[in-house]
Amino acid sequence: MVGYTNGVLYTMRTWTVTKRLAAKKREMKRLVRSFLGYPSNAQFEYSALFDFLRYPINNVGDPYDDSSYLLGTREFEQEVLAFFAQLYKIPESNFWGYVTNGGTEGNMHGLFLARELYPDSVLYFSADSHYSITKIARVLRMEAVVVPATSEGTMDLQQLAVLLRDRQGRTPIFSLNIGTTMKGGIDSIDAVLAVLHTHGVRDYYIHCDAALYGMLLPFLEGAPVVDFTKPIDSVAISGHKFIGSPVPCGVSLTKKEYVERITRPIEYIETLDTTISGSRNAFSPMVLWYAIQKRGYDGFKKEANTCIAHARYLHDRLVGIGYSACLNDFSNTVLFEKPPAAIRERWQLATQNDRSHVVVMQHVTKKVIDRFVRDLQKCVR
Ligand SMILES: *Cc1c(COP(=O)(O)O)cnc(C)c1O
C-alpha cells in the first residue's frame, strides 16, 4: 500500500507494483463481463495507438489554429470533426467544433455560447435532463427553468408553454435531450419549435444534449432528425459512450459565427482560446479518428441497429419472466423494476426511483443478455 511513514511518502518495491497492476487488470477483466448499467461501449481495440502514450501531446487551444505547442494531433482532430460536421449536416463554411473531455464539457461549451449571445435569457430544460445541465446553469449563473417531464422522459410541452408565457420578453435557451440518461427520452425539436412559433418567439437558442443518442439516431431508419438542417445551434456528443474509448471524450459542434464572439487570442500559446479546457487531450482525437477509420459510417450504422435489436430482445426477455419493462422507440435503454441488490451490484446497474436500467451497448450481446436474465430468474424478488 502507498502510505506515509514519518511524513515521507514511500514507494513500493518493483515487484509489488507489478503485482498491484496485475491484480487491477484481473479485476477489470472480470468487471467488464457484467457491465450493463452504463452507456459506455466496452468493445474496442486501440492497441495500434499505444505508442502515442509515449509523448507529451497536447492540443492546447483552438483545433483550427496552430499553436507554438507542436506535439499535438490537431490534423486528426480536424478530421474527426469533419466526420461529425457531415453527419450533422453543418455547412463547412460555418462549422466549428472541438474534441472535448466528454458530454458535460460539450454541454457547457454550447450553453456558454448561448449565454454570451443572449445575456438576458432563461435556460429551459426538462426535469429528466442530465445532472450536468443544472450544474452548468449554476456555473454560468443562468436563470434555470426546469420543465416537468412526461413518463417517457421527454419535456412536457404544455407545461413549457405556460412557463414561457410567464417569462415573455426574455430570450429562451433550450437544452433539449436527445436521449435522456435514464429512460432514453428524446425531446422533439419540431414540437418545441411549434410552441415557440405559437408564442411568437423569434429569438431563441437550441442546444442538443446528444451524449449517447447523438451517435445512434443518425444511423436508425425513421428516427427523429437531429441535425443543422433544423434551427439548432449546438450539439454535444460523448465519444466514450457509443464509439467507446478508454479515456472520456466527446465533441462539441456549433456554428463558427458564435465562437468568434468568445474567442480571445493568447500570446503564451500563440493560439486562440475558444474552448473550455486550456490544455486538451490529444490522445482522444486519435482514438476517435481510429474508430472512424476502422468502423466508419457503415460500421457505426450496423452497430447502432444491433444495439436497438438487442435492446428489444432484452425487453422481451424481461417481460417474459414477469418483469415490467419499458423501452422507448429508437432507444437502447431498457428500464425495469429495480431487481434485488445482489443483481444490481453484480451487473453494475444504475438505479433511480425504484427502477434500474440496462443500456444495451455493443458488448451487450444476446449471450450476455441470456446470462443476465438467467441470473435474474435465479434470484427471488
Ligand atoms: C452521459 C451524459 C452526459 C454527460 O456526459 P459525460 O461524458 O459523462 O460528461 C450528458 N447528458 C446525457 C444525456 C448523458 O447521458
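Structure shown above.
Cut-off values and rules
- Residues numbered from 1 in each chain as written.
- Predicted model: local features only at pLDDT ≥ 70, side-chain atom pairs only at ≥ 80, totals over all residues.
- Heavy atoms only, no water.
- Pairing = 2+ DSSP bridges.
- Helix = DSSP H or I, 4+ residues; strand = E, 2+ residues; numbered from the N terminus.
- Contact = heavy atoms within 4.5 Å.
- Axes fitted to C-alpha atoms, helices over the stretch in contact; angles between N-to-C directions.
- Near = heavy atom within 4 Å.
- Polar contact = N/O pair within 3.5 Å; in protein donor to acceptor, adjacent residues only side chain to side chain.
- Areas by Shrake-Rupley, 256 points an atom, 1.4 Å probe, with all protein chains shown as cover.
- Nonpolar A, V, L, I, M, F, W, Y, C, P; charged D, E, K, R; others polar.
- Right-handed = clockwise from strand over helix to strand, strands pointing away.
- Buried < 20%, exposed > 50% of the residue type's maximum accessible area, 1.4 Å probe, protein only.

1. A closer look at the sheet that holds strand β14 (residues 350-352)
Inference 1: Spatial ordering of the open sheet is given by β12-β13-β15-β14, a layout of four strands whose pairing is antiparallel. In this open sheet, the two strands that pair with only one neighbour each are β12 (325-326) and β14.
Inference 2: Taken together, the two bridges between β12 and strand β13 (residues 333-337) define a ladder with antiparallel strand orientation. Counted as the bridge partner of C326 is L335 from β13.
Inference 3: Sheet strands touched by helix α9 (residues 284-320): β12, β13 and β15 (355-359). Its angle to β13, the strand with the most contacts, is close to 15 degrees.

2. Focus: the site of the ligand
Inference 1: Around the ligand sit G102, G103, T104, N107, H130, G179, T181, D209, A211, S238, H240 and K241, and that is every residue in its neighbourhood.
Inference 2: A distance of 3.1 Å separates an oxygen atom of the ligand from a polar atom in the side chain of S238.
Inference 3: Separating an oxygen atom of the ligand from a side-chain N or O atom of H240 is a distance of 3.3 Å.
Inference 4: If the ligand stood free it would expose 380 Å²; the protein chains cover 87% of that surface.
Inference 5: Among the secondary structure elements, those contributing two or more residues to the shell around the ligand are α3 (103-117) and α7 (240-244).
Inference 6: Among the elements that take part in the shell around the ligand, α3 stands out by supplying three residues, more than any other.
Inference 7: Of the residues that constitute the shell around the ligand, the class distribution is one nonpolar, nine polar and two charged.

3. Considerations on the pairing of strand β5 (residues 143-147)
Inference 1: One ladder, built from five bridges, connects strand β4 (residues 121-126) with β5; its direction is parallel. Along β5, the bridge assignment pairs F125 with V146.
Inference 2: Running through helix α4 (residues 131-139), the crossover from β4 to the neighbouring parallel element β5 is right-handed.

4. What to know about helix α5 (residues 157-166)
Inference 1: Where α5 is concerned, the buried positions are L160, A161, L163 and L164.
Inference 2: Elements in contact with the buried residues of α5: β4, β5, β6 (171-177) and α6 (189-198).
Inference 3: Backbone nitrogen of Q158 and a side-chain oxygen of the N-cap are separated by 3.1 Å at the start of α5; the cap is D156.

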